[in-house]
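Each chain, written out:
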Amino acid sequence: MSVAMARPVADREEVAVADPVLELRDASLSYGSRTLWSGLDLQVRPGELVAVLGGNGTGKTSLLRAVLGLQQLSAGTMQVAGHAPRRGDASIGYVPQQRRIDSHTPLRVRDLVRQGLDGHRWGIGRPGRVRWDRVDAALAQVGASAYADMPLSLLSGGEQQRARVAQALVGDPSLLLCDEPLLSLDQSSQRTVTELVDRRRREHGTAVLFVTHEINPVLPYVDRVLYLAGGRFRIGTVDEVLNSEALSALYGTRVEVLRHGDQVLVAGAPHHVEHHAAPCVHEDEDVAR
Ligand SMILES: Nc1ncnc2c1ncn2[C@@H]1O[C@H](COP(=O)(O)OP(=O)(O)OP(=O)(O)O)[C@@H](O)[C@H]1O
């Protein structure tokens, strides 16, 4: 069964001239008097993988929520696939932060993946068989066909994560948002998930924003890094951002970045997250698609 999806990205030059899938201009996000980031200019083009790094509470998930139309920018503009952010956007696939799956849930893997089509152009007005074919194709894409009919709660963490990636891809997104998809996975599962994401963006030109605390598993695939720290940020290639000078300047204190082969270690970055009294601003309580 084949999946008719976006045309492959031929090479990096083509990526460089393609219209951005995601574009932020002079964007800021604040909760009350607390500004998470401001003056953010970011363009993500088809097939590009941008890793979003930074300590706890620096606004990584909030950035994804803004892209998903769940959180309004405080200033600036954002375009997603040529339009303003909107909830339930079919052009976005979303792998949310892992949540514990209730051991009593009867939800099967294929049911979870099917939820990725709810309210979607593939979900409306198409016969059930066509939609289930679509689900089967997405499961095959991530190598999860063998456990398609198993309850989600019986799967290992890595298998569950494959299912979540299938759910995010089933709607053929042009932008994939991943929120810490490697959390609590062993090295082999981390590799599986990063390779799946990499293959998707290479074969289908899907742009990727990849939020992670674990840079090393994703490092071979990263085109650029957006590093958030203390209300400021730095964007550039891995070499431009992940070096002692750049991160020391960003944090305003001495930070050592050690490179050993293809591994990076950031030492001395302050863990402290400055909390100003900020009112809780809930644009939306729902978890995104
Ligand atoms: N709706 C909200 N109203 C007020 N403050 C919020 C709201 N949502 C998030 N925050 C605060 O904004 C900060 C950034 O949160 P966010 O979840 O974006 O951080 P993060 O970088 O993803 O952190 P982590 O790495 O811990 O997941 C946190 O201090 C959080 O408490």
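You'll find the structure just up there.
Before going into details, it helps to say that this report is about the structure given with it. (Residues numbered from 1 in each chain as written. Predicted model: local features only at pLDDT ≥ 70, side-chain atom pairs only at ≥ 80, totals over all residues.)

1. Examining the overall build of the protein chain
Which entries qualify depends on this criterion: Put simply, DSSP marks the helices as runs of H or I at least four residues long and the strands as runs of E at least two long, and each gets a number from the N terminus on. Counting other C-beta atoms within 10 Å of its own, a residue is labelled buried from 20 upward, exposed at 12 or fewer, and partly exposed in the gap between, with every C-beta atom placed from the backbone. Once C-beta atoms have been placed from the backbone, residue pairs whose C-beta atoms lie within 7 Å are recorded as contacts.
When helices and strands are counted, the protein chain shows eight helices and eleven strands. For the protein chain, with 289 residues in total, the buried portion stands at 38%. For the protein chain, contacts bridging at least 24 residues in sequence account for 68% of all contacts bridging at least 6.

2. Some details on the environment of Val 225
By the secondary structure assignment, Val 225 is in strand S8 (residues 224-229). Counting along the chain gives 146 residues from Val 225 to Gln 79, while the straight-line C-alpha distance between them is 20 Å. Among all residues touching Val 225, those that are not within four sequence positions of it are Ala 51, Leu 53, Gly 236, Val 238, Val 241 and Leu 242.

3. Let's talk about the sheet that holds strand S5 (residues 92-95)
Operational definition: In short, DSSP must find at least two bridges between two strands for them to pair. Under this scheme, a helix contributes an axis fitted over its contacting stretch, all axes are lines through C-alpha atoms, and angles between N-to-C directions fall in the 0 to 180 degree range.
If you walk across this open sheet you meet the six strands as S5-S6-S7-S3-S8-S9, and the pairing is mixed. Each edge of the sheet is formed by a strand with only one pairing partner; in this case those strands are S5 and strand S9 (232-236). Strand-to-strand twist of the sheet, defined as the mean angle between neighbouring strand axes without regard to direction, takes the value 15°. Sheet topology note: the S8/S9 ladder contains five bridges and is antiparallel. Along S9, the bridge assignment pairs Val 225 with Gly 236. Contacts between helix H5 (residues 157-169) and the sheet are confined to S5 and strand S6 (175-179), with S5 contributing the most and set at about 165° to the helix.

4. Quick word on the sheet that holds strand S4 (residues 75-80)
Taken in spatial order, the three strands make up an open sheet running S2-S1-S4, and their pairing is antiparallel. Single-partner strands in this sheet number two, and they are strand S2 (34-44) and S4. The average angle at which neighbouring strand axes cross in this sheet is 25°, direction not considered. Strand direction decides the pairing type here: strand S1 (residues 22-31) and S4, joined by five bridges, are antiparallel. Bridge assignment links Leu 22 to a residue of S4, and that residue is Val 80.

5. Regarding the pairing of strand S7 (residues 207-211)
To keep it simple, the criterion reads: Crossover handedness is defined here as right-handed if the route from the first strand over the helix to the second strand goes clockwise, with the strands pointing away from the viewer.
Burial runs high along S7: five of the five residues are buried. Of the two faces of S7, the one holding Ala 207, Leu 209 and Val 211 and the one holding Val 208 and Phe 210 are both buried throughout. Pairing of strand S3 (residues 49-54) with S7, which is carried by four bridges, proceeds in the parallel orientation. Residue pairing in the sheet places Leu 49 in a bridge with Val 208 of S7. With five bridges joining them, S6 and S7 adopt parallel strand pairing. Considered in S7, the bridge of Leu 175 is made with Ala 207. In this view, the connection linking S6 to its parallel neighbour S7 by way of helix H6 (residues 187-204) has right-handed handedness.

6. Overview of the environment of Val 264
Its place among the elements puts Val 264 in strand S11 (residues 263-267). In this structure the C-alpha to C-alpha distance between Val 264 and Ala 207, which are 57 residues apart in sequence, comes to 24 Å. If we ignore the near neighbours within four places in the chain, the residues touching Val 264 are Ile 215, Asn 216, Leu 219, Leu 242, Val 257 and Arg 259.

7. A look at the nonpolar core
To keep it simple, the criterion reads: By definition, a nonpolar core groups buried Ala, Val, Leu, Ile, Met, Phe, Trp, Tyr and Cys residues that are joined through C-beta atoms within 7 Å.
Grouped together as the largest cluster of nonpolar side chains are 65 residues, with contacts concentrated most on Ala 51, Val 67, Ala 166 and Phe 210. In this structure, Val 67 is in contact with Leu 22, Met 78, Val 80, Pro 85, Ile 92 and Leu 177, ignoring residues within four places of it in sequence.

8. Some words on the pairing of S5
Both faces of S5 are covered, namely the face carrying Ile 92 and Tyr 94 and the face carrying Gly 93 and Val 95. Summarising the sheet, S5 and S6 pair through four bridges and their orientation is parallel. Residue pairing in the sheet places Gly 93 in a bridge with Leu 176 of S6.

9. What to know about helix H4 (residues 128-141)
Spelled out, the test is: Take the residue count of a helix, subtract one, and multiply by 1.5 Å to get its expected span.
Its 14 residues give H4 an end-to-end C-alpha distance of 20 Å, which sits within 8% of 20 Å, the value for a rise of 1.5 Å per residue. Those residues of H4 hidden inside the fold are in contact with helix H3 (109-115) and H5. In the segment just after H4, Gly 143 is the residue with positive phi, at about 70°.

10. Section: unusual backbone geometry
Its identity as a non-glycine residue notwithstanding, Ala 81 has a phi of 50°, on the positive side. By secondary structure assignment, the location of Ala 81 is in the loop between S4 and S5. Phi angles above zero are rare outside glycine, and Asp 172 is one such case at about 55°.

11. Things to note about the packing of H5 against H6
Which entries qualify depends on this criterion: Put simply, angles under 35 degrees are roughly parallel, angles over 145 are roughly antiparallel, angles from 65 to 115 are roughly perpendicular, and the rest are oblique. In this scheme, a crossing is called left-handed if the near helix is turned counterclockwise away from the far one by less than a right angle; it is called right-handed if the turn is clockwise. Under the convention adopted here, Pro, Cys and the residues Ala, Val, Leu, Ile, Met, Phe, Trp and Tyr are nonpolar, Asp, Glu, Lys and Arg are charged, and Gly plus all remaining residues are polar.
Look at H5 against H6: their axes get within 9 Å of each other, and the N-to-C directions meet at 15°. With respect to H6, the element H5 is oriented roughly parallel. Of the two elements, H5 crosses H6, and the hand of that crossing is right-handed. Taken together, the residues of H6 that come into contact with H5 (itself represented by Gly 157, Gly 158, Gln 161, Arg 162, Val 165 and Leu 169) are Ser 189, Thr 192, Val 193, Leu 196 and Arg 200. In terms of residue class, the contact of H5 with H6 is built from four nonpolar, five polar and two charged.

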